Amino acid sequence: MLIPEDASPETLASIERQDYPEHRTESSTASTAHDATLVLREGDMLAPGALTALALELALSGASAVAGLRVLYGDTVLGLDVPGLDAPLDEPDGIVFAPGAGTDWSSLPPEAKRRIGRPVILRRGPAPRIGAPLSIVSVTGMGTVGGAGVAHRRLSEALSLAHHRVTHEILSTRTAAAEWTDRFPEAEARIAAARPDFVLVGNVHGATRSLDVVGRLAGAYPTALVLHDLFALTGRCCHPRDCTRAETGCDASCPTPDEYPPLAPRRIAGMHARKRAVLAAPEGPLLLANSNWTRARSEALAPAPAVTRPVSLAFPTGIFRPGDKAALRRRLGLPEGDVLILVSSVIVDGPDKGFTDLRDALRAVARPGVGVVAIGRLDDPSKFGIDNLFAPGLVASEDALAAWYGACDLHVTASRHETLGQTPIEAGLCGVPTLAYRTSGLTTSVLDGVSGRLVEPQPGALAEALADLVADGAGRQALGAFARIALENRYSPAAAALSLDAVMRERGLIADGPARTAFAPMMLGHFPFAAERLRGAEGTVQAPSSPLVRRLRRTKQAVLGRRMPLIVRRCLYLASTLRGRTV
C-alpha cells in the first residue's frame, strides 16, 4: 500500500493490526512489484480485517479495483459511505488496485470495479452528504415469516439504512383464499396513500396465484419484483424441478397441481398467460435475480420485453458471525468433542430439499463421535434413522439460530432447487462451510473451494464428499475462515443496498451527483467489530405446531403426501370466508 510519509501513529497502528507480513519497497515500483496497491490517505485508519477482505475479493472476482465502505466519525460514528459510481474521486481512499490499473477509479470500465459491503477505511470527518431519500413501499403476500419473507424483510431494512423511507405492506392474511383472490383494495389503497417513488414486491404467492396486483402496481409506480423463487415465471409452481412446461407454456398437464402453491389444472394455462402479459407490458415490473442461475432462468422463461437485473440479498452479518464453539456447545447442551453436521431448513424433509439423498449421506458417516443437528420443522425425527441426532425444531430468533450454526462444524444440503440458498450464507458467515450439489442458485451461495464444496448431483457423490470433510478438520477450518470473509463482502446489508441503489439509478430514480451513496450510523452495527452490534430479529418462522397438529400432519402426509386436493382447498376457503364474516 502507499502510506503517507506523515502517517499518524493511529494509522500505522491500524496497519499493523491487519497482521500482514511487511515488505517495504519504493512507491514508484509498487504497481509492478506487488499483486495490488492500496492508497491510504493521511489520517485514515484501516478497519479491522480490511486488507484481507479487499485482497480476497480482488482474487475471487478478477477485478482491476475493489473498494469498501468508509466510516466517518467524530465523537461518535456519523455515517458510512462508498466510492462514487461514475464521477471522478478527489479522495481515492479505501480502494485496492491490481497492477496496471492505475489509481483512477472513474476511468475503469464498470465490469472492472467491485464494491464490497463491509467497512475498509475509518476517517475522522464530517457526516456524509446524503441525497434525497425515496419513498419505498415493500410489498409481500403474507408478511415476512419464513425463508423468502425473511429475505424480503432484510432487503427492506437495508434500504432503510440507506436513508430511504420504507413502508411495509401485506396483501392478505387469508392464505386459504389465495387461489381465488386477485384484488386487494385495502392494501392497494394504503400503497397509493404512501405515494411511493419505488415499489419492491416479493413472495406474493401466499396471497394470490396471479401477478395481476403486481401489474397494477407497476402501471402506477416504478416497481421491481424480487425472484425469491420462480413463481412469477411459471403457471403455478415455485420450482419447476425437471418439468419443462414453463418453457413451452404451463397447462392442465402440470404434474403437481395439488402441491403448494396449488391451482386447479384447468386454470393453469390461463394463469401462465396472465403472468406473461404482466411481465411483457411496457410498464411491467423489473425482475430482480438473487443469483447467476436465477438470472439465467429468468431471462430464459420471461417474455422478451421483461428485463432482469441482479440483486444481492442482505444478511445480518454482525449476528451471524463465528463464536466460541466450545462455549456455544456447552450452552446448547451439545457434545464438545463430536464432529457436528448441520442441516437447516424451514421444513427439513420438504419435497424440494432432497431429503432422501440427505438422509443417505448422513447415515453413511453416522458413527460415535459424529452427530447431526437438524434445525427446522421435522415432524418425525426417526425418519433420519440416526442415533446421535439433535433436533431443536424451528428456531425463530436470529441470535439463537446463529448460536446453533456456530456450534457446528459443517453444513450440508441436498437441495437441487434454490434460487440462491440462504442457509449456506448464514452458516458461512458463522465460519461453517457448506457441502452442496453443484446446481441452481447454490453455485452462487457456495463458493466452491472457498466457502465450501460443490459436488455433482449424482448417486453417492454427497456421501463421499461428506465423509472426506468429516475426516478433514483442518480443511473445514480453512473453508470456514474464508467463508466468513468472502460472504460478508458480498451479502452484508450494505452490499444489498448498493445492488438496489444501482437498480434505482438505472431507472433514473436516483440521480448521480456529488453525494456518495451513504448509510445511517446504525449500519455499522451489522459488523462484528462494532462496539454496539444490532440484535437479531425475532419471530422469523412460524411458532412450532402442537403435538396434535404434528400427528395430524404426519397422518395426512401418509395418506395424501404433500398434496392438498381441490375439494379440501374449497372447504378451507369457504370456512375462512364464513369466519371472516362472523368476526
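Notes on the structure in this doc start here. (Residues numbered from 1 in each chain as written. Predicted model: local features only at pLDDT ≥ 70, side-chain atom pairs only at ≥ 80, totals over all residues. Heavy atoms only, no water.)

1. Looking at the overall build of the protein chain
Thinking step 1. Along its length, the protein chain carries 19 helices and 19 strands.
Thinking step 2. In summary, the protein chain has a C-alpha radius of gyration of 25 Å against a globular reference of 25 Å for 583 residues, a match within 12%.
Thinking step 3. Taking all 583 residues of the protein chain together, 53% fall into the buried category.
Thinking step 4. Intrachain contacts of the protein chain at a sequence separation of at least 6 include 74% that bridge at least 24 residues.
Thinking step 5. Entry remark: accessible area of the protein chain is about 25000 Å², with carbon and sulfur atoms responsible for 53%.
Thinking step 6. Across the protein chain, the mean location of the 64 positive side-chain charges is 10 Å away from that of the 61 negative side-chain charges. (Helix = DSSP H or I, 4+ residues; strand = E, 2+ residues; numbered from the N terminus. Rg over C-alpha atoms; globule rule 2.2 N^0.38 Å. Buried < 20%, exposed > 50% of the residue type's maximum accessible area, 1.4 Å probe, protein only. Contact = heavy atoms within 4.5 Å. Areas by Shrake-Rupley, 256 points an atom, 1.4 Å probe, with all protein chains shown as cover. Lys, Arg positive; Asp, Glu negative; His and termini not counted. Charge placed at Lys NZ, Arg CZ, Asp CG, Glu CD.)

2. Section: helix α4 (residues 147-161)
Thinking step 1. Across its 15 residues, α4 extends 21 Å between first and last C-alpha, which sits within 8% of the 21 Å expected from 1.5 Å per residue.
Thinking step 2. Within α4, eleven of the 15 residues are buried, leaving the element largely enclosed by the surrounding structure.
Thinking step 3. For α4, every residue scored as buried is listed here: Gly149, Val150, Ala151, His152, Arg153, Arg154, Leu155, Ser156, Ala158, Leu159 and Leu161.
Thinking step 4. Among the residues trailing α4, histidine 163 stands out with phi positive, at a value near 75°. (Expected span 1.5 Å × (residues − 1).)

3. Some points on the pairing of strand β11 (residues 286-289)
Thinking step 1. Side chains Leu286 and Leu288 project from β11 onto one buried face, and the interleaved Leu287 and Ala289 project onto a second face that is buried too.
Thinking step 2. Pairing of strand β10 (residues 223-226) with β11, which is carried by three bridges, proceeds in the parallel orientation. Residue pairing across strands places valine 226 opposite leucine 288, the latter belonging to β11.
Thinking step 3. Of the pairings in the sheet, the one linking β11 to strand β12 (residues 308-310) comprises three bridges and is parallel in character. In the strand pairing of β12, alanine 289 is matched with proline 310.
Thinking step 4. What joins β11 to β12 is helix α9 (residues 292-301), and the crossover it makes is right-handed. (Pairing = 2+ DSSP bridges. Right-handed = clockwise from strand over helix to strand, strands pointing away.)

4. Digging into the pattern of salt bridges
Thinking step 1. Tallying each qualifying case throughout the model produces 32 salt bridges.
Thinking step 2. Aspartate 212 is the partner of arginine 274 in a salt bridge, and the nearest nitrogen-oxygen pair spans 2.5 Å. Taken together, the residues span a long stretch of sequence, with arginine 274 in helix α8 (residues 265-280) and aspartate 212 in helix α6 (residues 212-220) at a distance of 62 residues.
Thinking step 3. According to the relative accessible area criterion, arginine 274 is partly exposed, its value standing at 30%. (Salt bridge = Lys/Arg side-chain N within 4 Å of Asp/Glu carboxyl O.)

5. Topic: the packing of aromatic side chains
Thinking step 1. Throughout the structure, instances matching the rule amount to five aromatic pairs.
Thinking step 2. Ring centres of phenylalanine 320 and tyrosine 405 lie 5.9 Å apart, and the angle between their planes is 50°; on these two criteria the pair is classed as tilted. With phenylalanine 320 in the loop between β12 and α10 (325-332) and tyrosine 405 in helix α12 (residues 398-406), this pair connects stretches of sequence that are 85 residues apart.
Thinking step 3. What makes tyrosine 405 buried here is its relative accessible area of 0%.
Thinking step 4. Ring geometry for phenylalanine 527 against phenylalanine 529: centres 6.4 Å apart, planes inclined by 20°, an arrangement best described as stacked. (Phe/Tyr/Trp six-rings, centres within 6.5 Å; stacked < 30°, edge-to-face > 60°.)

6. Things to note about the packing of helix α11 (residues 355-365) against helix α15 (residues 461-471)
Thinking step 1. Look at α11 against α15: their axes get within 8 Å of each other, and the N-to-C directions meet at 40°. By the criterion of interaxial angle, the relationship of α11 to α15 is oblique. Viewed along their axes, α11 and α15 form a crossing whose handedness is right-handed. Touching Asp357, Ala361, Leu362, Ala364 and Val365 of α11 are Leu462, Ala463, Leu466 and Ala467, all from α15.
Thinking step 2. Residue composition of the contact of α11 with α15, grouped by class: eight nonpolar, no polar and one charged. (Axes fitted to C-alpha atoms, helices over the stretch in contact; angles between N-to-C directions. Parallel < 35°, antiparallel > 145°, perpendicular 65-115°, else oblique. Left-handed = near helix turned anticlockwise from the far one by under 90°. Nonpolar A, V, L, I, M, F, W, Y, C, P; charged D, E, K, R; others polar.)

7. Some thoughts on the nonpolar core
Thinking step 1. Counting 65 residues, the largest nonpolar core has Leu155, Leu200, Leu288, Val373, Leu500, Met504 and Phe519 as the members making the most contacts within it.
Thinking step 2. Once you skip the residues sitting within four places of it in the chain, leucine 200 turns out to touch Val137, Ser138, Val139, His152, Leu155, Leu159, Ala224, Val226, Leu288 and Leu500. (Core = buried A, V, L, I, M, F, W, Y, C linked by side-chain atoms within 4.5 Å.)

8. Details of the sheet that holds β10
Thinking step 1. Strands sit in the order β8-β7-β9-β10-β11-β12 across an open sheet of six strands; the sheet is parallel. Each edge of the open sheet carries a strand with a single partner, namely β8 (165-170) and β12. For this sheet, the mean angle separating the axes of adjacent strands, direction not counted, is 25°.
Thinking step 2. Of the strand pairs in this sheet, strand β7 (residues 135-140) and β8 are connected by six bridges, and their pairing is parallel. When the sheet's bridge partners are listed, isoleucine 136 is paired in β8 with valine 166.

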